[in-house]
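An overview of the molecular structure
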Amino acid sequence: MANALLPIEERNLTPDEVERLDKRRRRGQLFLVLSFQSLIVATLLTLWSGQDLTLSPGWAHPVVYWNAITFTAALVFAIVGVRLKRGSNEFLSY
């Protein structure tokens, strides 16, 4: 009998397909970790962004730009990570 916890499209996979699926999910977990780390760095950069906005003249605000890029990277990593990790894992330990 098939495992009822698995989605229908994953019940009859070959061993090679299962290995590709596991690699995809591990890559998704990696992207989620990168997203969380980028979010931490962007949160710390927020402290310097305020100072950069108030003290830097004109349009020269490199820390603000770097902060915006880091927040965007965190968002992209999170979206890609969630899409790659979709489905249920057999083991949730990693």
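Computed from a predicted model, the values in this text were never measured in an experiment.

Regarding the overall build of the chain
A tally of helices and strands in the chain yields two helices and zero strands. Scored against the burial criterion, the 94 residues of the chain give a buried share of 20%. For the chain, the proportion of contacts with a sequence separation of at least 24, taken over those separated by at least 6, is 68%. Carbon and sulfur atoms form 69% of the exposed surface of the chain, whose accessible area is close to 7200 Å².

Quick look at the side chain of Asn67
Locating Asn67 in the fold gives a position in helix α2 (residues 62-84). Owing to a relative accessible area of 7%, Asn67 belongs among the buried residues under this scheme. A distance of 3.5 Å separates polar atoms of two side chains, one belonging to Asn67 and the other to Thr46.

Details of the UniProt feature "transmembrane region" (unreviewed entry) in the chain
When the UniProt feature table is mapped to this numbering, "transmembrane region" (unreviewed entry) covers residues 30-51 and 63-84. Span residues 30-51 is 100% helix and 0% strand, its end C-alpha atoms 33 Å apart. Its end C-alpha atoms 31 Å apart, residues 63-84 is made of 100% helix and 0% strand.

What to know about the pattern of salt bridges
Counted by the stated rule, this structure contains one salt bridge. Its salt-bridge partner being Glu19, residue Lys23 comes within 3.9 Å of it at the nearest N-O pair. Taken together, the residues span about one helical turn, with Lys23 and Glu19 both in helix α1 (residues 15-55) at a distance of four residues. Accessibility expressed as a relative area gives 42% for Lys23, which makes it partly exposed.

Thoughts on a nonpolar patch on the surface
Judged by side-chain polarity, Phe36, Ile40, Leu44, Leu47 and Trp48 come together as a nonpolar surface patch covering roughly 560 Å² of accessible area. Position of Trp48 among the secondary structure elements: in helix α1.

Conventions adopted
Residues numbered from 1 in each chain as written. Predicted model: local features only at pLDDT ≥ 70, side-chain atom pairs only at ≥ 80, totals over all residues. Heavy atoms only, no water. Helix = DSSP H or I, 4+ residues; strand = E, 2+ residues; numbered from the N terminus. Buried < 20%, exposed > 50% of the residue type's maximum accessible area, 1.4 Å probe, protein only. Contact = heavy atoms within 4.5 Å. Areas by Shrake-Rupley, 256 points an atom, 1.4 Å probe, with all protein chains shown as cover. Polar contact = N/O pair within 3.5 Å; in protein donor to acceptor, adjacent residues only side chain to side chain. UniProt positions renumbered as here; feature names shortened; annotations may be inferred. Salt bridge = Lys/Arg side-chain N within 4 Å of Asp/Glu carboxyl O. Patch = residues over 30% accessible without salt bridge, like charges linked within 9 Å, V, L, I, M, F, W, Y side chains within 5 Å.

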